[in-house]
Amino acid sequence: MSATTAIGPLTLRPLDPVADGALLHTWVTDPKAAYWMMQDARQEDVERAYLEIAADEHHHALLGLHDGAPAFLMEYYDPAHRELVGLYEPLPGDVGMHFLVAPTDRPVHGFTRAVITAVMAHLFTDPATERVVVEPDVSNTAVHALNEAVGFVPHHEIQKPEKKALLSFCTRHQFAAATGATR
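Notes on the structure in this doc start here. (Residues numbered from 1 in each chain as written. Predicted model: local features only at pLDDT ≥ 70, side-chain atom pairs only at ≥ 80, totals over all residues. Heavy atoms only, no water.)

## Let's talk about the overall build of the chain
Inference 1: Looking only at helices and strands, the chain has five helices and eight strands in total.
Inference 2: Its C-alpha radius of gyration of 16 Å places the chain within 12% of the 16 Å reference for a compact globule of 183 residues.
Inference 3: Principal-axis analysis of the C-alpha atoms gives the chain an extent of 40 × 35 × 30 Å.
Inference 4: Across the 183 residues in the chain, those meeting the buried criterion constitute 45%.
Inference 5: Counted over contacts in the chain with a minimum sequence separation of 6, partners at least 24 positions apart contribute 59%.
Inference 6: Of the roughly 9400 Å² of accessible surface on the chain, a fraction of 56% belongs to carbon and sulfur atoms. (Helix = DSSP H or I, 4+ residues; strand = E, 2+ residues; numbered from the N terminus. Rg over C-alpha atoms; globule rule 2.2 N^0.38 Å. Buried < 20%, exposed > 50% of the residue type's maximum accessible area, 1.4 Å probe, protein only. Contact = heavy atoms within 4.5 Å. Areas by Shrake-Rupley, 256 points an atom, 1.4 Å probe, with all protein chains shown as cover.)

## Quick notes on unusual backbone geometry
A negative phi angle characterises most non-glycine residues, just as the trans form characterises most peptide bonds.
Inference 1: You will see that Met 37, though not glycine, has its phi angle at about 60 degrees, which is positive.
Inference 2: On the secondary structure map, Met 37 appears in the loop between α1 (21-28) and α2 (43-54).
Inference 3: Its identity as a non-glycine residue notwithstanding, Glu 83 has a phi of 65 degrees, on the positive side.
Inference 4: Locating Glu 83 in the fold gives a position in the loop between β4 (69-77) and β5 (94-101).
Inference 5: Residue classification places Glu 83 among the partly exposed positions, given a relative accessible area of 32%.

## What to know about the pattern of salt bridges
Inference 1: Enumeration according to the criterion identifies 11 salt bridges in this entry.
Inference 2: Notably, a salt bridge pairs Asp 20 with Arg 13, separated by 2.9 Å at the nearest N-O pair.
Inference 3: Given the relative accessible area of 7%, Asp 20 is considered buried.
Inference 4: Assessed through its relative accessible area of 30%, Arg 13 is described here as partly exposed.
Inference 5: Across the salt bridge formed by Lys 160 and Glu 135, the nearest N and O atoms sit 3.1 Å from each other. Taken together, the positions of Lys 160 in the loop between β7 (153-159) and β8 (164-171) and Glu 135 in the loop between β6 (131-134) and α4 (141-149) put the pair 25 residues apart, joining distant regions of the chain. In this pair, the class of Lys 160 matches that of Glu 135, namely buried.
Inference 6: Through salt bridges that share partners, Glu 83, Glu 135, Lys 160, Glu 162 and Lys 163 make up one connected network. (Salt bridge = Lys/Arg side-chain N within 4 Å of Asp/Glu carboxyl O.)

## Re the pairing of β8
Inference 1: Within β8, six of the eight residues are buried, which leaves the element mostly enclosed by the surrounding structure.
Inference 2: Here β6 pairs with β8 via four bridges, running antiparallel. Counted as the bridge partner of Val 132 is Cys 170 from β8.
Inference 3: Pairing geometry for β7 and β8, over six bridges, is antiparallel. The residue of β8 that forms the bridge with Glu 157 is Leu 166.
Inference 4: Between the end of β7 and the start of β8, which pair antiparallel, lie four residues. (Pairing = 2+ DSSP bridges.)

Here's what the structure looks like:
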């Protein structure tokens, strides 16, 4: 996937758990990534977690690039098989999603919104994707606002083993209405 945005080009490539492990480790252990819940992880732990994802047919990880440089992480999964099993009744075409923007000392205005918009556009390029499902921590108000900006509608709170989460959904139509996307 490649998208030209107001902040410049954003592209996605498959994540290499070993080659990208040191970089990912700095991202997921940064204080700004507290909701990623890997604050105390060692680099080997991060590599192992992403090797498991790479071997899982129901879970995928992509590295996002901004102007060719690593800048964000995207994960997507089948909620009928991962993350949300037993916590809601998935519909055909549901895809779960997580994203993490790399920590930076020089924030770019609108960057995170451009990233989530590009991530959603990428998910909806698959004609089988009908609805994107997210389950952020209920206290993560910043991501709730971002989710709303791209068309997510909160459904209800759920209790996951690691957190109380706000289950939210975004259909292709809701995404297009919120962002003006034409796909």
